[in-house]
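# A closer look at the structure
What follows is each chain in one-letter form.
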Number of protein chains: 2
Amino acid sequence: MSNKKIIVAIGGGTGVFTVLSGLKNYPDLNLKAIVSMADDGGSTGILREEFGILPPGDIRRALVALSHSDKLLAELFNYRFPQGGLSGHSFGNLLITSLERITGSFEQAVREAGKILSTQGEVIPVTLDQCRLFAKLENGEIIQGETNIDVPKHDGNLKIERIYLKPKATANPKAIKAILNADLVIVGPGDLYTSLIPNFLVSGVRNALLKTKAKKVYAVNLMTKFGETHNFSASDFVSSIENYIGKNCFDYILANNKKPEEKILKKYREQNARFVNFDKENLDDFKGGIIAKNFLRKGELVRHNSRTLAEEIIKLI
Amino acid sequence: MSNKKIIVAIGGGTGVFTVLSGLKNYPDLNLKAIVSMADDGGSTGILREEFGILPPGDIRRALVALSHSDKLLAELFNYRFPQGGLSGHSFGNLLITSLERITGSFEQAVREAGKILSTQGEVIPVTLDQCRLFAKLENGEIIQGETNIDVPKHDGNLKIERIYLKPKATANPKAIKAILNADLVIVGPGDLYTSLIPNFLVSGVRNALLKTKAKKVYAVNLMTKFGETHNFSASDFVSSIENYIGKNCFDYILANNKKPEEKILKKYREQNARFVNFDKENLDDFKGGIIAKNFLRKGELVRHNSRTLAEEIIKLI
């Protein structure tokens, strides 16, 4: 048995990529990524449709984040065919699909893809069951499919009342084991209803998080998302995820308190995305530690600095 | 500088695969495969059409032949998507295409694909120029495209009068260097007009073969091919390739003299393919050595035994 500290990142999309690519630089960590299986858009959606496989997209991103191969291989995995019958497909998705077809096992496909990328750590699909994400809006409307919630065709001003999986899905035993054996579990950053909470809708995952002795950390998003977390402040993010897992389920919150420049925010406003205000005054109920600081990466996109994120996570173990 | 003997295999299709997979088991060889760039059928054809790249199919087969990775990776490279928009594409072709798009260089793409497969030796595209193969039949008809010659829609009883490339193509300098520095060059087995001779139509290759001090070996096919080498005997194969390179350009011929079982040949006859008769009496003109023996592999397909082929090649250096 190794004495390496086990950090488990739970999420999906680009958030989990950011966390893992920061933590990867610490060789003494045993990293595990638990990845949502709700994605059904783009290349992933087509492959689910045509091959009936589990969604490869978020798995691919997590694998690339953990890769110690040269940059070209990571670039290859994320390469998207620009034209023809392959248009929109990402190479890594095709690789995972092919490996699944050959081996007959999605998990083995993920492992083999990890070998090719020389990943540090392990990427674990949260469930091996096929399921779809649904959202019930505050007006009663039901939205089917992660991609339709994510890029809303519905009125994005309407709040999501509830999300659920159909059919019900049971946790991958490896995901449960990873959470229970972890020293720290980091949830987020990431789209609340389409990347983070779907993991906890899988039967067994929520209980494992409540049961584990690991330190539990939630990283609040930097920007709101139209149709999903419209006009949310930091406390809204916290109370929303607590609604699904449990009041005060987290030991720590990581929240950004540095506002990006106005010219950058202006571009985001065109997509109805706003800066997430750090409303400390509304977090009085939160019993854990609040780590509020500048988490921004330099650049034109409002993104977490993966190094700062990793540094703050490391301090907690 | 290494003292390893350099063996260069020239061909395309499955023949070059057979030669290389046998020779790969000799660790003390420096193997180089020079591969025809005339293929334009199937997955390769679509990728040429849509991405304007050089044909990846034969490159892929040669890389897999030289691979020392585990079997799964070789299987992955040869995996063909059975359905949907990806139908018929081979994974390895998509990998080479993606790498070419990312790096901007077909040669680098081949090198990087070789790294992933842990290949022993090097695969060299005979030319980096885009060209197509044409055939003029004995009735004057012009057939455009390797795939149309290979799987004839024309009358397959008609002899090919001449094949040529359009536009003209110049040799990859690495191919020339490999031939000049070789200890032995093995040409074939392989489809005469669609896999072997197209290499020698590339400007510079024929001269390099005539000039090199390497031993030059030609492996005669086991079966004829309708529309290409219909009713050919061993001497017809030899004289046809000599027509393009030069009389007595080879030092040795490897020819099979063992007839497969009748029940196997029967299946081949349905595709108008016949056993290639070893007509020693017509090879009196040939000044080099003739190695005639049982080159057959066990099984339902008439194929060269790659081990026997390698053993006989090794004896010549």
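Residues numbered from 1 in each chain as written. Chains lettered and ligands numbered in written order. Predicted model: local features only at pLDDT ≥ 70, side-chain atom pairs only at ≥ 80, totals over all residues. Heavy atoms only, no water.

## Points about the nonpolar core
Quick reminder of the rule: Joining through side-chain atoms within 4.5 Å is the link that ties buried Ala, Val, Leu, Ile, Met, Phe, Trp, Tyr and Cys residues into a set, and such a set is a nonpolar core. The buried label applies to any residue whose accessible area, calculated with a 1.4 Å probe on protein chains only, is under 20% of its type's maximum; exposed applies above 50%, and partly exposed to all values in between. Whether two residues touch is decided by their heavy atoms; if any such pair falls within 4.5 Å, the residues are in contact.
In this structure, A:I186, A:Y218, B:I186 and B:Y218 are the most contacted members of the largest nonpolar core, which totals 210 residues. Excluding anything up to four places from it in sequence, B:Y218 contacts B:V187, B:L192, B:L196, B:F237, B:V238, B:I241, B:F250, B:Y252, B:I253 and B:L254.

## Things to note about the sheet that holds strand β6 (residues 160-166) of chain A
What holds strands together in a sheet is hydrogen bonding between their backbones, with the strands either parallel or antiparallel. All names here are of chain A. What counts is decided by this rule: One requirement defines pairing of two strands: DSSP has to find at least two bridges between them. Only DSSP runs of H or I covering at least 4 residues are called helices, and only runs of E covering at least 2 are called strands; the numbering of each starts at the N terminus. For helices, the fitted axis covers only the stretch in contact; all axes are lines through C-alpha atoms, and the angles between them, taken along N-to-C directions, range from 0 to 180 degrees.
Pairing in this open sheet of 3 strands is antiparallel, and the strands run β5-β4-β6 from one edge to the other. Because the sheet does not close on itself, it has two edges, and the strands there are β5 (142-144) and β6. On average, each strand axis in the sheet is inclined to that of its neighbour by 25 degrees, with strand direction left out of account. As defined by bridge partners, strand β4 (residues 132-137) adjoins β6 across 6 bridges and the pair is classed as antiparallel. Considered in β6, the bridge of R132 is made with K166.

## Quick notes on the sheet that holds strand β9 (residues 252-256) of chain B
All names here are of chain B. One open sheet holds the 7 strands; their spatial order is β3-β2-β1-β7-β8-β9-β10, and the pairing between them is parallel. Two strands bound the open sheet, and with one partner strand each, they are β3 (122-125) and β10 (289-293). Across this sheet, the average inter-strand angle for adjacent strands is 20 degrees, counted without regard to direction. As paired strands, strand β2 (residues 29-35) and β3 are joined by 4 bridges and run parallel to one another.

## Observations concerning the interface of chain B and chain A
Using the following cut-off: Using a 1.4 Å probe, buried area is obtained as the accessible area two parts lose upon being combined, added over both of them. Polar contacts, as counted here, are pairs of nitrogen or oxygen atoms within 3.5 Å of one another; within protein the pair requires one atom able to donate a hydrogen and one able to accept it, and residues that are adjacent in sequence qualify only if both atoms are side-chain atoms.
If you look at the interface, chain B gives 27 residues, while chain A gives 27 residues. In this assembly, chain B packs against chain A so that about 2,400 Å² is buried in total across both faces, 76% of it on carbon and sulfur atoms. Here chain B is connected to chain A by 4 residue pairs in polar contact (both at pLDDT 80 or more). For the side of chain B that touches chain A, the elements supplying multiple residues, two or more each, are α2 (42-51), α4 (71-78), α5 (91-103) and α6 (106-116) of chain B.

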